[in-house]
Structure formats: structure tokens, C-alpha cells
Amino acid sequence: MNRIALVTHTTSYGASGFIEACRRAGSSVVVASDRCHVLDRAWHWPTDSLVIDFSDPDEAATVIAAADASASPISAVLPVGGELPAKVAAAAARRLGLPANAPDAMACAANKLLMRRRLAAASALDPASAHAFAQPRFIAVPSGTDANEVADRVTAPGGVGFPCVIKPVMLSGSRGVMRADDRASLATALARLERLLADPALRRADPDAAALILVESFVAGPELALEGILTRGALQVLALFDKPDPLDGPTFEETIYVTPSRRPAPDQRRVADAVAAAARALGLETGPVHAELRWSDTDGGPVLIEIAARPIGGLCARSLRFESGFSLEDVVVRHALGAGPVPARIAGASGVMMIPVPARVPSALRAVDGVDAARAVPGVDDVVISVRIGETLVPLPEGASYTGFIFATGDDPIAVETSLREAHARLRFTVAPLVPVAR
């Protein structure tokens, strides 16, 4: 029997889907996560488990590789959610002699500044490739830099200019990402991001990355997401998603993903070519990739926002189904095991809505009504509320999760988008602002 190691944060949405996919592939599973070993038995993982520390990726990879000798050999190491699990999984796989991306390629995919610099260097060496993966202009500043100094750099000749986007270099899911249109809004956004980066948990996970802030030119235009898989450097597109809601700031909370894309076929080919060229420039060669792009209103072409060496996050993978009844998790697992060609996505349209946090300030979720009514909307496959009653909801840019997910299928993308919006309109959330406690 094959044995697969899944590398995941304890809070990841997607572990159960990958565990099920491993079992469908006839593989046993060992889960490597950052839960507390003291509470190990309370987690009730239905698998073997390892405790790892993502703040020490090398040691985490060592722990996983050591498990190869303690039982049946490990056949594949797969990440579930986030760039740190992807980085650790690749390092562990290489130690075991399994197909994996090079450490420097994974470092670039896990760090937005390293990614920008690697792509810029590749463009300088091969100007012909610069058009294939255009990217925003960018600068990096140390956290704590005076806001006026940052604004001077933004507005300097050759700078990124206003409007601009500030972001941390290591977080995902639009966390910490904000738009600034002038000096005043830039100062406000910088102060807000620095408060987030002061979180000891973030600094412990990656102190060097938490000490830097990335500032990029804002790219006006619709956003898209590409889900793909690399085999010996060749990209196979699994899905291209449209994001029909405008993502223009001041924060960038994602909502609806719908596939297939409604963009013309030549545009879709250019998007795929951009992602493939960027993957080559970073040195990515194997496994899943998830890329975010904008179709520039100014230049009339794709601009790469980021590319990650992992599948789409959250529960969004449930929006995709492939031939032979395979899920996205099945596709990733089978690819890692070398089990035949990658199947095509089934015909028809599908989509997911990440339910926005229904509060502007951190609040407690008190009640959710209308779930059955939302599920009854034609085309809706499921509504999943992932936050439990009583838990705290934190909106972006500080928040790290969504309220839940709505999934829909239909004959065409317009029908799917309509179903998602109608289902969301039927949901009602009751929240209560958090009350400060005096000490």
C-alpha cells in the first residue's frame, strides 16, 4: 500500500478532502500538522500523525522524512493549504528522493517579494519573456519605515505611483492587502498592516518576511484565477476562473469564482502562457499551481499577481469535478503517485462563493438563518457555514478566514453566478461586536 504524508496547518479547511482522496487512491495517510502534542489525543485524527513546527521548516521536513523509516515507506508528500506547508512538503519530498520542486523555487513561490525579484531577473535576462508574464511595478520597504518616506519612494520617478497596493510578503488569501490612493490613505494602510505584522505568531513563523512590506502598482482590470498542474515543467490547465465581482479595494475580499472563463479563447491562452512562463522563471516543475492574475485595462493583457505551488485554498476545490468522478484532491494525489494522465474537467459550469464576513469589525457569530432556503436555490449544490456559533469573525485585511462557502453548478457561467448570488441573498447572519474587557 502507498503511504502519503499530508502537510497542513491545524486550522486548514482542506485536510479531510485530501485524506479521503488518499484513501480512494488506496493509500494510507500520515498527517504532519502544527497542533499541540499535549492535546494530541483530543484531535482524533483518523490517521497516523506527526507534530511539526512551521517556524522551523528544515526541522519539520526532517520529522516527516524520519517517518519514512518508522513504518511503510512514504510514496508522496503533499501540502494542504498555504505556502509554508507547500515549502515543508517539497523539502521533505526531496529528502526522500521523491519528485519535488527545488527549495529555491519553493522559497520564491512562498514569498511575494522573492517571486517579484525572480520574475524581474528572468525578464531582464530574456526580454522576450517579459511580455509573457507582465507583473506590477514594485518596491519593498522595512516594516516601521516612516510613511512619508514610503510615499516619497512611491511617487519618485520610476516608482510604483498612486494608486498602489501594500501587502505582506508571506500571507495568503488577501490578508493584509490594501489599496492606497494618496499619501494619507497610504499612511493609514501602513499603520494597519504594521499592527498585523506585529502579531508574535506571524513573526515567529517567518521573522524575515514579517519585517518587510511590499508596495506594488495597482493594476486596474478584472481578476482571474488559474488552477493547474505541472508535469516535468509542462503546465496543464485544470480550470480558469473568472472573478465577476470588482476587486478594486480598499481591501480585496474574494467572493465569487466561476469556471469556465467567459474571456475569449485567445485571452485564455495568453493567461495560461503567462502562468507557464512564470512557473518556468521561478523553477517550478512538478505538482499543483494556483495563480492569480488581472487582465490589465491599460495594457490589454494578463498581469501576474501571484503564483503559488499548491492547490486552491479553503474548500474551493469542491467547485471542480473531473472525468471518472475525480475531485481536485483526487487529481493532485494521483499525479503525485504517478497514476496515469491528468483527467479533464467535466463539461458544464461550476463555481464557489466565499461568503464574506458579515461585519466591519471583529464580532461574534450569534446565528445563521436561511441556510435551507439558500440550498434550495436551483443550481446550488451545497452551502457550508465554516464558522461555528459563538466564534469570532474577523474581516479583512486582518482576518484569515471566510464565513463559509456556497457551491453551484449549471449549464453556463452566467447561470452559476446567478445561483450563487441568489443563495447568498437568502442567508441572514446575526453578529455581536466584541466587548473590550477591562483589567
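Just above, that's the structure.
The structure reproduced in this document is the subject of the present report. Computed from a prediction, not measured in an experiment: that's the story for all the values here. (Residues numbered from 1 in each chain as written. Predicted model: local features only at pLDDT ≥ 70, side-chain atom pairs only at ≥ 80, totals over all residues. Heavy atoms only, no water.)

**Here's the deal with the overall build of the chain**
Within the chain, the secondary structure is distributed over 15 helices and 19 strands. For a compact globule of 439 residues, the expected C-alpha radius of gyration is about 22 Å, and the chain comes in at 21 Å, within 12% of that figure. With the C-alpha coordinates aligned to their principal axes, the bounding extent of the chain is approximately 60 × 55 × 55 Å. The buried share among the 439 residues of the chain stands at 51%. Contacts spanning at least 24 positions in sequence make up 67% of the contacts within the chain whose residues lie at least 6 apart. One finds the centroid of the 43 positive side-chain charges in the chain at a distance of 1 Å from the centroid of its 49 negative side-chain charges. (Helix = DSSP H or I, 4+ residues; strand = E, 2+ residues; numbered from the N terminus. Rg over C-alpha atoms; globule rule 2.2 N^0.38 Å. Buried < 20%, exposed > 50% of the residue type's maximum accessible area, 1.4 Å probe, protein only. Contact = heavy atoms within 4.5 Å. Lys, Arg positive; Asp, Glu negative; His and termini not counted. Charge placed at Lys NZ, Arg CZ, Asp CG, Glu CD.)

**Some words on the sheet that holds strand β1 (residues 2–8)**
Strand order in the open sheet formed by four strands is β3-β2-β1-β4, and the pairing between neighbours is parallel. Of all strands in the sheet, those with a lone pairing partner are β3 (48–51) and β4 (76–80), marking the two edges. Going across the sheet, the axis of each strand differs from the next one's by a mean of 25 degrees, ignoring polarity. The strands touched by helix α4 (residues 83–95) within the sheet are β1 and β4, with β4 carrying the most contacts at an inclination of about 175 degrees. Against the sheet, helix α13 (residues 328–337) makes contact with β1, β2 (27–33) and β4, and its axis sits at roughly 155 degrees relative to β4, the strand it touches most. (Pairing = 2+ DSSP bridges. Axes fitted to C-alpha atoms, helices over the stretch in contact; angles between N-to-C directions.)

**Observations concerning the packing of helix α1 (residues 15–24) against α13**
Interaxial distance between α1 and α13 falls to 9 Å at its minimum, and their mutual angle equals 55 degrees. With respect to their mutual orientation, α1 and α13 come out oblique. Where α1 crosses over α13, the handedness of that crossing is right-handed. Between α1, through Gly17, Phe18, Ala21, Cys22 and Arg24, and α13, the contact on the second element is made entirely by Glu329, Asp330, Val332 and Val333. Within the contact of α1 with α13, the residues separate by chemical class into five nonpolar, one polar and three charged. (Parallel < 35°, antiparallel > 145°, perpendicular 65-115°, else oblique. Left-handed = near helix turned anticlockwise from the far one by under 90°. Nonpolar A, V, L, I, M, F, W, Y, C, P; charged D, E, K, R; others polar.)

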